[in-house]
Amino acid sequence: MRDFVTVPVNRLLENCYITVSRDPYFRLRDKECRDVVGTCNGLVCLIGYSINKWTKFKRVWFRFWNPATRSISEKLGYFSYFDKNERKSVKFVFGYDNSADTYKVVMWRSGCESDPESKVSVKGFSLGDNGWRNIQSFPVMKEFGDEKSWTQFLKFSYNGVRMNYEFGRPLLKSMPLHLSENGDTVVLANNRQHRVILYNRRNNRARKTILNTKICWPSLKDYVESLVSTS
């Protein structure tokens, strides 16, 4: 069972004991959704789907939700596809389009990994416009995959954060979630533990947070309460 929970950043950085409330209202299952696509200006985009286990026919829908006002849209943006080829990937992002003054879900669907030239389709769905539109001019940044175009931001030793090893390799991968305003502390999550790591760049030391529940930290999204409408 997945719930939508909020954890104040200042409580994380202070490494205070964090108690997460279990309000039934925040259960995604009760909203007929399975996951969070993203958040923007206090609006949360939820995704739900059903799969026919025999045909692998997958039906997907979205709901726009404002937890602060406890308002939620109807199911929107329905579309279906056959999910037989596991090598194909469908990804979604959610955000605000300044040029159109609306919130959008963008769907990126790749071809087969074995065929780099296979077609990639990109479509957009806007809140208030219950239909998908093709996005023709989708920029491709070739330098994105070139390590020379990247600037190193942070470097640290796994020994410094006391991670487990197996045959000389770490058992888990870490990802940055937040950087404190003064730039001293980096909040890191990993793919195995349900606590985050507070890494201090100045003294090269790390601490683990203390919570009363398990949280899937790699799924964390930025969220700020607002009165934005869901329609």
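Residues numbered from 1 in each chain as written. Predicted model: local features only at pLDDT ≥ 70, side-chain atom pairs only at ≥ 80, totals over all residues. Heavy atoms only, no water.

**Some thoughts on the overall build of the protein chain**
Then, in step 1: Per the secondary structure count, the protein chain includes 1 helix and 15 strands.
Then, in step 2: For the protein chain, the residues scored as buried account for 33% of the 231 residues in total.
Then, in step 3: A total of about 15,600 Å² of accessible surface is found on the protein chain, and carbon and sulfur atoms cover 48% of it. (Helix = DSSP H or I, 4+ residues; strand = E, 2+ residues; numbered from the N terminus. Buried < 20%, exposed > 50% of the residue type's maximum accessible area, 1.4 Å probe, protein only. Areas by Shrake-Rupley, 256 points an atom, 1.4 Å probe, with all protein chains shown as cover.)

**Points about the pattern of salt bridges**
Then, in step 1: Within this structure, the stated rule accounts for 3 salt bridges.
Then, in step 2: Among the ionic pairs, Asp184 bridges to Arg202, the shortest N-O distance being 2.7 Å. Highlighted residues: Asp184 in the loop between strand 12 (174–179) and strand 13 (185–190) and Arg202 in the loop between strand 14 (197–200) and strand 15 (205–208), separated in sequence by 18 residues.
Then, in step 3: Exposure remark for Arg202: the relative accessible area of 67% places this residue in the exposed category. (Salt bridge = Lys/Arg side-chain N within 4 Å of Asp/Glu carboxyl O.)

**Structural notes on the side chain of Thr102**
Then, in step 1: Positionally, Thr102 belongs in strand 7 (residues 102–109).
Then, in step 2: For Thr102, a relative accessible area of 14% puts it in the buried group.
Then, in step 3: Not counting chain neighbours up to four residues away, the residues in contact with Thr102 comprise Gly95, Tyr96, Asp97, Ser126 and Leu127. (Contact = heavy atoms within 4.5 Å.)

**Re the pairing of strand 6 (residues 90–97)**
Then, in step 1: In this structure, strand 6 lies alongside strand 7, joined through 8 bridges in antiparallel fashion. From the neighbouring strand, Phe92 faces strand 7, where its bridge partner is Met107.
Then, in step 2: Linkage of strand 6 to strand 7, two consecutive antiparallel strands, is achieved through a turn of 4 residues, within which Asp101 is found at a positive phi near 55°. (Pairing = 2+ DSSP bridges.)

**Considerations on the pairing of strand 14**
Then, in step 1: Where strand 14 and strand 15 come together, 4 bridges link them in antiparallel fashion. Residue pairing in the sheet places Tyr199 in a bridge with Ala206 of strand 15.
Then, in step 2: The hairpin turn running from strand 14 into strand 15, its antiparallel successor, is 4 residues long, and Asn204 in that turn takes a positive phi close to 55°.

**Structural notes on the sheet that holds strand 9 (residues 129–134)**
Then, in step 1: The strand order across the open sheet formed by 4 strands is 6-7-8-9, and the pairing between neighbours is antiparallel. For this open sheet the edge positions go to strand 6 and strand 9, each flanked by a neighbour on one side alone. Shown here is a sheet whose adjacent strand axes are inclined to one another by a mean of 20°, direction ignored. (Axes fitted to C-alpha atoms, helices over the stretch in contact; angles between N-to-C directions.)

**Thoughts on the packing of aromatic side chains**
Then, in step 1: By the definition in use, this model includes 16 aromatic pairs.
Then, in step 2: Arranged with centres 6.2 Å apart and planes meeting at 50°, the rings of Trp61 and Tyr78 form a pair that is tilted. Of this pair, Trp61 sits in strand 3 (residues 57–66) while Tyr78 sits in strand 5 (residues 76–82), and the two are 17 residues apart along the sequence.
Then, in step 3: One aromatic cluster in this structure is built from Phe62, Phe64, Phe79, Phe92, Phe94, Tyr96, Tyr103, Phe125 and Trp132.
Then, in step 4: Lying across the ring of Tyr49, Lys58 places its NZ or CZ 4.3 Å from the centre.
Then, in step 5: Over the face of the ring belonging to Tyr25 we find Arg70, whose NZ or CZ atom lies 4.3 Å from the ring centre. (Phe/Tyr/Trp six-rings, centres within 6.5 Å; stacked < 30°, edge-to-face > 60°. Lys NZ or Arg CZ within 6 Å of the ring centre and 35° of its normal.)

**Section: the nonpolar core**
Then, in step 1: Core analysis: the largest hydrophobic core is formed by 18 residues, its most contacted members being Phe62, Phe64, Phe92, Phe94 and Val105.
Then, in step 2: For this core, the secondary-structure elements that each account for two or more residues are strand 1 (35–40), strand 2 (43–51), strand 3, strand 5, strand 6 and strand 7.
Then, in step 3: Discounting chain neighbours no more than four positions away, the residues touching Phe62 are Val37, Cys45, Leu46, Ile47, Glu74, Lys75, Leu76, Gly77, Phe79, Phe92, Val105 and Trp132. (Core = buried A, V, L, I, M, F, W, Y, C linked by side-chain atoms within 4.5 Å.)

**Structural notes on the environment of Phe57**
Then, in step 1: Structurally, Phe57 is set in strand 3.
Then, in step 2: Between the C-alpha atom of Phe57 and that of Phe82, which follows or precedes it by 25 residues, the distance is 4.5 Å.
Then, in step 3: Among residues more than four places away in sequence, those in contact with Phe57 are Ser50, Ile51, Asn52, Ser80, Tyr81 and Phe82.

**Things to note about the environment of Trp132**
Then, in step 1: With respect to the secondary-structure elements, Trp132 resides in strand 9.
Then, in step 2: In sequence terms Trp132 and Tyr78 are 54 residues apart; their C-alpha atoms lie 9.0 Å from each other.
Then, in step 3: Filtering out sequence-adjacent residues up to four positions away, Trp132 remains in contact with Phe62, Gly77, Tyr78, Phe79, Phe92, Val105, Met107, Lys123, Gly124 and Phe125.
Then, in step 4: Of the polar contacts made by the side chain of Trp132, one reaches the backbone oxygen of Gly77; its length is 3.1 Å. (Polar contact = N/O pair within 3.5 Å; in protein donor to acceptor, adjacent residues only side chain to side chain.)

Honestly, it's all geometry; don't read function into it.
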